[in-house]
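Geometric and topological summary
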Amino acid sequence: MRFNILIGGKAGQGINKTSQIVSQTLTNHGYFVFNYRDYPSVIRGDHNFNVLSISDEPIESHESMLDGIIAMDENTIRVHKSELKKDGFIISYKDFLKYGINLNIAQTGALMKVLGIDKKILVDEVEKTLNNKESIDALEVGFSSEKQKYHLKNIKKKISVMTGNEAVAQGAIKSKIDLYFAYPMTPTTNALHELASRQVENNYVVFQPEGEISVANMALGASFAGAKVMIGSSGGGYDLMTEAMSFQGMSELPLVVYLGSRGGPSTGLPTYTMQNDLDLALRSGHGEFPRIVIAPGNPVDAIEKTNEAFYLSQKFNCLSIILSDKHLAESEFSSDVAPKKPLQITLNRKIPGKDIVKANSYEHDENGITVEDAENTVKNADSRLKKYEAMKKECKKFEMIKIHGNKNSKNLIIGWGSTRGAILDAIKGLDFKFLQVIYMKPLSDEIKKEIQKAKKVILIEQNVTGQLGRLIREKTGIKIEKRILKYDGRPFFSDELRKELLKK
């Protein structure tokens, strides 16, 4: 069983609130949901929509065809009517205009009647969320306005809903973060909000400096003083931080970075999704120095891998980058899987106040004193390379890749990050094995072995040039010829991806 419901209108009409109420009601009822958000970079007006996918089994994507449309304005019907299935339904705004700001609540009631959800369950959720008589009245009218089309009985599963941003925040909290520095930038802004809202109860500090250059340099200063620190930004903001990333490489101060990719170059598509910052994460900053780059594929991954990023950063006094994108960061995923128990993280360095410590951006000796001689230059470069070898060995303790689907199949799909969800949903019932690459740097040796075992290999990415494919070729010498690349700023539809896979 699967439904795809589009909720559309203008920014400010309560699209996200409707999705939130419906999602929470359905997950309380034991159903899995996936909520995709599509919006332009305007504060009010224009055309915004969410696609809420509902299933009685795990899902992590949405499809191209719709079972229903909740239209808060006429434009939503005009734009999306062609995507509606023959037996699909539309709940129009026209019958509920008199409810003003509660128009979306009335439509929520109408949708739940169509799906066959008990009214009391819905009322309880709206009372908990909004708690006002006008909203309940609108809900009652909406519920009474439609006929029941489906019957979603309670299937009694314990399911939670979370965005990628919330998951990264949770992973940082589980890692006992001390400080989070960030300047707002889509799509990582909500991680800043989430962490800020939980700082008092969890005993850490969130601070927003005047810009991204300050974010990175203040974080290194806090790290020098002994704090466990994370910073967050997107492409353009991260570009401003890259000089500080090189400072990290020379000073060897632990630092965790949350990098959320969106469409580029430059401002590009500020509210849409792309996987075009892998090269940026792998190579940003001048000079050669070790780093970790990890790309989770869903919120459970994000919690666990954020924790691993903190662990590795502190153990090796290195740069750890958590690479996400808008689709993972802002979509809402449901899951009945609990994340693993977090790793315990300890500081592995001398701290000012307890020892005499000097951190230097220049080449330096073991005491942090500036040097420029050839002997120390070679010695330090070799030391950084040797540390990277130790980091690679340590990373093998973790899941650097995951194998999904038919594990004996000779048809191999390789993908990473948020493409995970659409790939998993697309290959259900098909003879495919999916290799999800999670650690980008270091890259797992198992990838080459899996490619060599396969008869057909297909690369799936959301960028123009196949950046993971290029990385695999660099590390293994293997060029993946078959590719499905999407770079229009919109994520893959799982049903359309399924058709593309069957053509390859």
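Notes on the structure follow. Model, not experiment: these values are computed from the prediction.

**Concerning the packing of helix α4 (residues 119-129) against helix α5 (residues 133-145)**
At a minimum axis separation of 10 Å, α4 and α5 run at an interaxial angle of 155°. Regarding the angle of α4 to α5, the classification is roughly antiparallel. The element α4 and its partner α5 pack so that their crossing is right-handed. Judged by residue contacts, Lys119, Leu122, Val123, Val126 and Glu127 of α4 engage Ser135, Ile136, Leu139, Glu140 and Phe143 from α5. Taken together, the residues of the contact of α4 with α5 break down into six nonpolar, one polar and three charged.

**Focus: empty space enclosed by the protein**
In the structure shown here, the tally under the stated rule is two cavities of 30 Å³ or more. Breaking the lining of the largest cavity down by element, the ones donating at least two residues are α10 (235-251) and α14 (374-395). Looking at the lining of the largest cavity, its residues break down into three nonpolar, three polar and three charged. Within this model, the second largest cavity holds a volume of roughly 30 Å³. Taken together, the residues of the lining of the second largest cavity break down into three nonpolar, four polar and no charged.

**Overview of the pairing of strand β3 (residues 45-55)**
Taken across its 11 residues, β3 has 10 buried, putting it largely inside the fold. Sheet topology note: the strand β1 (residues 2-11)/β3 ladder contains nine bridges and is antiparallel. Each residue of the ladder has a partner; that of Phe3, found in β3, is Ile54. Across seven bridges, the pairing between strand β2 (residues 32-38) and β3 is antiparallel. Looking at β3, one finds that Val33 is bridged to Ile54. Between the end of β2 and the start of β3, which pair antiparallel, lie six residues.

**Examining the nonpolar core**
Counting residues in each nonpolar core, the largest one holds 45 residues, and the members touching the most others are Ile231, Met245, Leu255, Ile414, Val437, Met440 and Leu468. Counting residues per element, this core draws most heavily on helix α9 (residues 212-224), at five residues. Membership of the second largest hydrophobic core comes to 37 residues, among which are Ala167, Tyr258, Tyr311 and Phe398.

Definitions and cut-offs
Residues numbered from 1 in each chain as written. Predicted model: local features only at pLDDT ≥ 70, side-chain atom pairs only at ≥ 80, totals over all residues. Heavy atoms only, no water. Axes fitted to C-alpha atoms, helices over the stretch in contact; angles between N-to-C directions. Helix = DSSP H or I, 4+ residues; strand = E, 2+ residues; numbered from the N terminus. Parallel < 35°, antiparallel > 145°, perpendicular 65-115°, else oblique. Left-handed = near helix turned anticlockwise from the far one by under 90°. Contact = heavy atoms within 4.5 Å. Nonpolar A, V, L, I, M, F, W, Y, C, P; charged D, E, K, R; others polar. 1 Å grid on protein atoms, 1.4 Å probe; cavity = no way out; pocket = protein on both sides within 12 Å on 5 of 7 lines; lining within 4 Å. Points joined across faces, edges and corners; volume = space filled by probe spheres on them. Buried < 20%, exposed > 50% of the residue type's maximum accessible area, 1.4 Å probe, protein only. Pairing = 2+ DSSP bridges. Core = buried A, V, L, I, M, F, W, Y, C linked by side-chain atoms within 4.5 Å.

Structural measurements only, silent on function.
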